[in-house]
Structure formats: structure tokens, C-alpha cells
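Residue-level structural notes
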Amino acid sequence: MEVERSNRERSTRGDNNRFSRLGFAAISACTYVAGCAPAANDTAQTSDPVANAQTLAQIIEPFDKDAIVGEPSIVPCTLSGGTEAQCLSITLKPEPAAFKIGPWCPRNIADGPELSGIWLDDGKVYDADGKFIQNLSRFYDDDRWQLFDPETGKINVTDTEASCQAAARPDDDPAYQNHCVECQIDYLPADQFQTYVIPLSPVQVASVEPRVGHDGVGIAYSGVRLDASAPLDAILDAHTLAPFDDCGGHVNPNVGYHIHAVTDCLKSVPTTASHAPKLGLALDGYPILARLNLDGKEPEGLDQCRGHASDGLGYHYHAGATGSNAILGCHKAETGCVLTSATQTCDASQTVRRGPPGGGRPPRPDG
Ligand SMILES: [Zn+2]
Ligand SMILES: [Zn+2]
């Protein structure tokens, strides 16, 4: 672990995502996210119900069935660029079925990496263990960091539902500065799921928005949400850490467990004899593959979104490095929706979903 670092430049942190230290962002169930590119899946929708059923079966096949709620289906949808399309609708549980989540925050500066998660900084992965937390003021060259009691070594952790909620609220609550922030999955109601509506065939758009929107990157075959970059600067700005577990994920009270960094925890599905395996599906319908090909090298010539087309695989993305805090840089095609109920209709061309009257945009932490 590299703890010794000097004079780190953090001057731009202040203007970045002041929404909250945990990066609460609006659940724009159908947020506009622009992207563009050629089609990867040979699964163009048709009006033939038999063909559609086959297409659906093919897309669903690699997913961990234990993570799915109800039956996936094909639904009409309006994509982010306004294209009317046919989409996969799949509802996922808020935690993976195949692996155990956590731990995140150590409780004492004596706690080792087995009782702690990880932290990402400047492209590197660090154990967010007691020693790391003890050294934060040196690591970030800022003596306002003091997450632990110097007498006992006890670390300030948001270890109740109320404190997790408070620490993640859009208005900065000074009481939770200098805390290690974590939320438990059982704070979520048992019936709280997310429904992902993803085009069966990607639809290229003209200009790529150089970021991933609040609805995130996509979904993994393990049944977990692959999220946009965590707002690390906003988190650090409040002198908090919101560690990820060793699988790169953590919990927020609105979407549940979600991943900001791809690790080998995710289920992978072989592709070709040399190419990286598939890990999941982006919100624009393109497949997401592991970062490295089977020769251990990252493919050359990836575009700004970390995608390329290759023989037999069409266009697809390769996930970013674990430490990069960016699973993808952007979407190349029009994205679908993330909905809070399978009965909602996806219109991703609206920045605010046309929901029931009075339906606002509930905040959620993205950190
Ligand atoms: Zn590739
Ligand atoms: Zn997060």
C-alpha cells in the first residue's frame, strides 16, 4: 500500500458535485445520456413473437437467474435520443446472489484488510484498512482528516440506518464529516428493486456525451448494477471515505449494492479463443467485456468510451481498470432507462421521467 504521498493537488475538488458528499444524484429514471455507435448485438427486434422470444432467451441466458425478479420481457421503449425501440426489461434484486458483499469500513485503526474494503485514488487500489484511515492526513496532505479517536483508535463509522441516510443527504450534515460512510443492504425495503430497460439493438447517436449519466453504465451478468464513477472528490471534500468492498461495490439506500470498479468477482462468459470474456450489458445494449484479453493485454485502439469492434463480436466495451473509478467513459449509443418499478414505461428522452402526479425525483447517493 502506498501511503506516502506529498502535496496532492486537490484544488478542483470543491466545484465538483456539491450535491452531497456521497454524490446523491437525482434518480432520473430515464435520464438523458447521449452516446453513439454501430450495432453489436445481432439481436434486432422484429414483430415476430417467436423471434423476439428467442432474442430474449439469448440475452437473458448469461444472467445469474437468482438475481432476477420476475420474468424479463421485451417492451416498447423510447431511448435517450428519442428513438422508439424494443427493449429488454429486466428487474434485479438490490444485491448479488452469487457473492457476499462487504466489508467496507474498519471499526478500529488496528483492523486489517480482511475487515475492510478498498479505496480508489489516482488509478490505484488501496486497502481501506485501519492503517490507511490512520494515515489519511498524510495521504491527502491535509491535517483536517481525523476519522478516529486518537485515544482508542475507534473509527467514526455511519453504523446505523439513520447515520447512513444522514451522511448521504444532499445537504451536507457537518455531524458526519470525518466519518467512514457505509450503508447496509438490509436498510432497503425488501421489495425495492430496479428495473433496467435496455435496447435489444444499439442505436448509434451523432455525438458522444463524454461521461456516463446518473443511471449508470449498465448491468453485470452477476445481477449487479455497474455504476458511473463514484464522486470521489465530493466524498473527500467532506473528509469522508465511502469505501468499496473487495468486489468494487457498496450500498446506497436507494439503489442498493452497486459497483464502481470491476474485479474478478463478476461472472464472466467466454467469447472467442483470444478475446476477453463478457461481463454484462451496457445501458445502450452493447456488451461489456473484461478489461484484458486472454493474453493478459488490453486491446489496442479502444475509443473514448473504451469500446471497439472486433471480428465476430461486433462493437463492445472493455471495462476500465479496477483503480480507474470508471467502468466505462461514456455510452456510444442511445441508452434506455433505470426504473423503480417494472410497470413504468421507459422514455429516456425526457430528463425527468413523466411519472405520476407529484412524483418528484428522489435523491440517491451515487457514491
Ligand atoms: Zn474487444
Ligand atoms: Zn456508489
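Think of each chain on its own: its residues are numbered from 1, step by step along the sequence as written. Both sets of labels track the order of writing: A upward for chains, 1 upward for ligands. Confidence filtering applies because this is a predicted model: local features only for residues at pLDDT of at least 70, side-chain atom pairs given and counted only at 80 or more, and all residues used for totals across whole chains, interfaces and linings. Water and hydrogen atoms play no part in the side-chain values, which are based on all heavy atoms of the structure.

**Description of unusual backbone geometry**
The condition is simple: Runs of E in the DSSP output that reach at least two residues are strands. Runs of H or I that reach at least four are helices, and both are numbered from the N terminus. For every residue, the accessible area obtained with a 1.4 Å probe (protein chains only) is divided by the maximum for its type, and the residue is called buried under 20%, exposed over 50%, and partly exposed between those limits.
Going from Gly-102 to Pro-103, the amide bond is cis rather than trans, its omega being -5°. By secondary structure assignment, the location of Pro-103 is in the loop between strand S3 (84–92) and strand S4 (118–121). One non-glycine residue, Asn-178, lies in positive phi territory at about 55°. Along the chain, the position of Asn-178 falls in the loop between helix H4 (161–167) and strand S6 (194–199). Under the relative-accessibility criterion, Asn-178 is labelled buried at 15%. Phi is positive for Arg-306, which is not a glycine, with a value near 75°. Positionally, Arg-306 belongs in the loop between strand S12 (287–289) and strand S13 (307–310).

**Section: the coordination of the zinc ion (ligand 1)**
By definition of the ideal shapes, four donors in a tetrahedron about a metal sit 109.5 degrees apart, and six donors in an octahedron sit 90 or 180 degrees apart. To keep things clear, this is the line we draw: Here a donor is an N, O or S atom found within 2.8 Å of the metal, or within 3.2 Å if the metal is Na, K or Ca; sites may look incomplete because water is not among the atoms. In short, tetrahedral needs four donors with all angles between 85 and 135 degrees, square planar needs four and octahedral six donors with opposite donors over 155 degrees apart and all other angles between 65 and 115, and whatever is left is irregular.
The coordination sphere of the zinc ion (ligand 1), as far as protein atoms go, consists of His-275 (NE2), His-308 (NE2), His-316 (NE2) and His-318 (NE2), spread over 1.9 to 2.0 Å. One can describe the site at the zinc ion (ligand 1) as tetrahedral: its 4 donor atoms subtend angles covering 101 to 124° at the metal. When the donor residues of the zinc ion (ligand 1) are listed from N- to C-terminus, their spacing reads H-x32-H-x7-H-x1-H. For the residue pair His-316 and His-318, the accessibility class agrees, reading buried in each case.

**Quick notes on empty space enclosed by the protein**
Let me state the cut-off plainly: The method works on a 1 Å grid over the protein atoms by themselves. A cavity is a set of points holding a 1.4 Å probe that cannot get out, a pocket is an open set with protein on both sides within 12 Å along at least five of seven lines, and residues with an atom within 4 Å of a point line them. Grid points are joined across faces, edges and corners, and a volume is the space filled by probe spheres set on the points.
Under the defined criterion, the tally for this structure stands at 4 cavities of 30 Å³ or more. Quantified by volume, the second largest cavity comes out at close to 50 Å³. Lining the second largest cavity, in full, are Leu-92, Lys-93, Pro-94, Gln-194, Tyr-196, Gly-223, Val-224, Arg-225, Val-255 and Tyr-257.

**Points about the pairing of strand S9 (residues 249–252)**
For clarity, the cut-off: Paired strands, as defined in this entry, are two strands with at least two bridges between them according to DSSP.
Burial along S9 is two-sided: the residues Gly-249 and Val-251 and His-250 and Asn-252 are all buried. Where S9 meets strand S10 (residues 256–259), 4 bridges bridge the pair, whose relative direction is antiparallel. Within S10, the residue paired with Val-251 across the bridge is Tyr-257. Hairpin connection, S9 to S10: the antiparallel pair is bridged by 3 residues.

**Structural notes on the sheet that holds S3**
Keep this limit in mind: For helices, the fitted axis covers only the stretch in contact; all axes are lines through C-alpha atoms, and the angles between them, taken along N-to-C directions, range from 0 to 180 degrees. Throughout, a contact is declared for two residues whenever any of their heavy atoms are within 4.5 Å.
One open sheet holds the 4 strands; their spatial order is S2-S3-S6-S15, and the pairing between them is antiparallel. The open sheet has two edge strands with one neighbour each: strand S2 (68–78) and strand S15 (337–339). Strand-to-strand twist of the sheet, defined as the mean angle between neighbouring strand axes without regard to direction, takes the value 25°. Bridge count between S6 and S15: 3 bridges; the pairing is antiparallel. Note that in S15 the partner of Tyr-196 across the bridge is Val-338. Strands S2 and S3 of the sheet are contacted by helix H1 (residues 49–60), whose axis makes an angle of about 125° with S2.

**Comments concerning the state of the cysteines**
Selection criterion: Cysteine sulfurs are considered disulfide-paired once they come within 2.5 Å of each other.
For the coordinates displayed, the defined rule picks out 6 disulfides. Shown here is the disulfide that connects Cys-77 with Cys-87, its sulfur atoms set 2.0 Å apart. One quick way to see it: the torsion about the S-S bond of Cys-77 and Cys-87 is about 80°, and its sign makes the bridge right-handed. Taken together, the residues Cys-77 in strand S2 and Cys-87 in strand S3 connect sequence positions 10 residues apart. Like Cys-77, the residue Cys-87 is buried in the burial classification. Across a sulfur-sulfur distance of 2.1 Å, Cys-337 and Cys-346 are joined as a disulfide pair. Handedness of the Cys-337-Cys-346 disulfide follows from its S-S torsion of about 75°: it is right-handed. Here Cys-337 matches Cys-346 in class, with each residue buried.

**Side note on the packing of aromatic side chains**
Test applied: For Phe, Tyr and Trp, rings pair up if their centres lie within 6.5 Å, where Trp contributes its six-membered ring, and each pair is then called stacked (planes under 30 degrees apart), edge-to-face (over 60) or tilted (otherwise).
The final tally for this structure, using the stated rule, is 11 aromatic pairs. Note on Trp-119 and Phe-244: the rings are 5.6 Å apart at their centroids and 15° apart in plane angle, and the pair reads as stacked. With a gap of 125 residues between them, Trp-119 in strand S4 and Phe-244 in the loop between helix H5 (232–237) and S9 connect regions that are remote in the sequence. Like Phe-244, Trp-119 is buried. Ring centres 5.8 Å apart and planes at 25° place the aromatic pair Tyr-126 and Phe-132 in the stacked group. An identical accessibility class is assigned to Tyr-126 and Phe-132; each is buried.

**So, the environment of Gly-329**
Tracing the sequence through the fold places Gly-329 in the loop between strand S14 (314–318) and S15. Sequence separation of Gly-329 and Val-217 is 112 residues, and the distance between their C-alpha atoms is 8.9 Å. With near-sequence residues (within four places) excluded, Gly-329 lies in contact with Pro-210, Arg-211, Val-212, Gln-304 and Cys-305.

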